[in-house]
Amino acid sequence: SVRANIFEDGSSEIIFSDITKQEKTKQLKQELTGNIAHELRTPITSIRGYLETVLSQPLDDEKKHYFIERAFQQTVALSEIIQDMSLIAKMEEAPDLFVLEKINLERILQKIKEEVSAQLNLKHIEMKWQLSDNLTLTGNANLLYSLFKNLTDNTIRYAGENIKINISLYNEDANFYYFSFYDTGIGIKEESHLNRIFERFYRINEGRTRDTGGSGLGLSIVKNAVLFHKGKITAKNRKEGGLEFLFTLKR
């Protein structure tokens, strides 16, 4: 930003201000607003269409139940988007509100496995992990749960059937634990997508999230949860097949 001032005595000054950060923040907010409007439009339009059909058309009880059930599913999708957006905003704008405590990761993984057991069985997915005995770290329980839950949900939705999920602690040092979360599924065909999968609402192909459920924010939450715990995360295709996430979490 450049501003020139000319004074009454004929002197002048030129002021240069670096507004890069402000402009980037403004651009990100505009993009996010556009993405949110795009993501909310589909479920809201669907809900309106289903309910208008019920109210305006002579339907038998079975068809009414069908349209009401479909409308309910779209309200669940809306709730997921709103909850995930709130979580990301809180991590970015008010990280001090998250309580830190000693966390046993195996308990979190066991809880997640129990919650998704029906989906795992339906798709014939085996989930296992290898961690040090009584592995604990200082962190936030809700964010660590969201991290591993979203990685698991992402695998269940997109990796395919008759596969394995494996979580391991492959290294540690004085400051960090090093984790691997991989599946033996289909992976991501185009390498160019790997650098963008952590972006909010990013899709490898249009409509993917809507077809299979989810808010489109899961991997963005994963990345923010890792950053909150002072770590880094990357994703890569495995030579043996499947997708692998490698990340660190501060001890």
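Within each chain, residues carry numbers counting from 1 in the order of the written sequence. Where totals are concerned, whole chains, interfaces and linings use all residues; where local detail is concerned, this predicted model gives features only for residues with pLDDT of at least 70, and gives and counts side-chain atom pairs only at 80 or more. With hydrogens and water stripped out, all remaining heavy atoms of the structure feed into the side-chain values.

### Points about the side chain of arginine 238
Step number 1: In DSSP terms, a helix is any run of H or I states spanning at least four residues, a strand is any run of E spanning at least two, and both are numbered starting from the N terminus. Residue position: arginine 238 is located in the loop between strand 8 (233-237) and strand 9 (243-250).
Step number 2: Burial status follows relative accessibility: with a 1.4 Å probe on protein chains alone, a residue under 20% of its type maximum counts as buried, one over 50% as exposed, and anything between as partly exposed. Of the residues examined, arginine 238 reaches a relative accessible area of 16% and is grouped as buried.
Step number 3: N or O atoms within 3.5 Å of each other form a polar contact, as long as, within protein, one can give a hydrogen and the other can take it, and as long as residues adjacent in sequence are counted only when both atoms are side-chain atoms. Within the local environment of arginine 238, its side chain forms a polar contact with the backbone oxygen of glycine 241, the two atoms lying 2.9 Å apart.
Step number 4: If near-sequence neighbours (up to four positions away) are discounted, arginine 238 is found in contact with Tyr182, Asp183, Thr184, Leu243 and Glu244. Any pair of residues with heavy atoms lying within 4.5 Å of one another is described as a contacting pair.

### Quick notes on the pattern of salt bridges
Step number 1: What counts as a salt bridge is simple: a side-chain nitrogen of Lys or Arg found within 4 Å of a carboxyl oxygen of Asp or Glu. Counted by the stated rule, this structure contains 7 salt bridges.
Step number 2: For glutamate 92, the salt bridge goes to arginine 200, with nearest N and O atoms at 2.3 Å. Of this pair, glutamate 92 sits in helix 2 (residues 61-93) while arginine 200 sits in the loop between strand 7 (176-183) and helix 6 (208-212), and the two are 108 residues apart along the sequence.
Step number 3: Given a relative accessible area of 45%, glutamate 92 falls into the partly exposed group.
Step number 4: On the basis of relative accessible area, arginine 200 is assigned to the partly exposed category, the value being 24%.

### Overview of the packing of aromatic side chains
Step number 1: Stacked, edge-to-face and tilted labels apply to pairs of Phe, Tyr and Trp rings (six-membered ring for Trp) whose centres lie within 6.5 Å, assigned for plane angles under 30 degrees, over 60, and everything in between, in that order. Scanning all chains against the criterion turns up 9 aromatic pairs.
Step number 2: On the basis of an interplanar angle of 75 degrees and a centroid distance of 5.3 Å, the ring pair of tyrosine 66 and phenylalanine 67 is categorised as edge-to-face.
Step number 3: For phenylalanine 67, a relative accessible area of 19% corresponds to the buried category.
Step number 4: Just above the ring of phenylalanine 98 sits the side chain of lysine 90; from NZ or CZ to the centre is 4.6 Å.
Step number 5: Note on criteria: charge over ring means Lys NZ or Arg CZ within 6 Å of the ring centre, with the direction from the centre no more than 35 degrees off the ring normal. For lysine 111, the ring lying beneath its charged end belongs to tyrosine 145, and the centroid distance is 4.9 Å.

### Some details on the pairing of strand 7
Step number 1: Counting buried residues along strand 7, 6 of its 8 residues qualify, which places the element largely inside the surrounding structure.
Step number 2: Judged from the 7 bridges that link them, strand 6 (residues 164-172) and strand 7 form a sheet pairing that is antiparallel. Across the sheet, the residue bridging to asparagine 166 is tyrosine 182, located in strand 7.
Step number 3: If DSSP finds at least two bridges between two strands, the strands pair. Turn length for the strand 6-strand 7 hairpin, with the two strands adjacent in sequence and antiparallel, is 3 residues.

Function cannot be read off these values alone, since they describe shape.
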